[in-house]
Amino acid sequence: MGFHYLGGRTTTYYRVDPLTSEGAEQLVRHLTSRPYETGPLGTVPHLPPRTAE
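Predicted, not measured: the structure shown is a model, and the values here were computed from it.

### Concerning the overall build of the protein chain
Of the regular secondary structure elements, the protein chain holds one helix and zero strands. By residue count, 4% of the 53 residues in the protein chain fall in the buried class. About 6000 Å² of surface is accessible on the protein chain, with carbon and sulfur atoms providing 56% of the total.

Next up, the structure:
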């Protein structure tokens with residue numbers, strides 16, 4: 001008896017079209033953890049602690 005149902009499965013497809021380095025850019029960025037767009041994130045909002053109820 002296995003517990004395969006607990007693992008969950010997801011699949012992401014990346015279309016490489018055309019088959020060039022430019023076409024594979026999104027896949028390569030995902031594999032190397034390099035986002036396509038970067039920029040300033042802005043200020044961190046003030047989040048007061050929750051009160052115990």
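### Observations concerning unusual backbone geometry
Of note, Ser-33 is a non-glycine position whose phi angle comes to about 55 degrees, a positive value. Relative to the helices and strands, Ser-33 is located in the segment after α1 (25–31). Overall, Ser-33 belongs to the exposed group, its relative accessible area being 63%.

Criteria and thresholds
- Throughout this document, residue positions are counted from 1 along each chain, in the order its sequence is written.
- With pLDDT at 70 or above as the cut-off, local features in this predicted model cover only qualifying residues; side-chain atom pairs require 80 or more to be listed or tallied, and sums for whole chains, interfaces and linings still use all residues.
- Excluding hydrogens and water, the side-chain values take into account all heavy atoms of the structure.
- Strands are runs of DSSP state E lasting at least 2 residues, helices are runs of H or I lasting at least 4, and numbering of each runs from the N terminus.
- Relative accessibility under 20% of the residue-type maximum defines a buried residue, over 50% an exposed one, and the middle range a partly exposed one, all with a 1.4 Å probe and only protein chains included.
- Under the convention used here, a 1.4 Å probe and the Shrake-Rupley method define accessible areas, while residue burial counts only the protein chains that appear.

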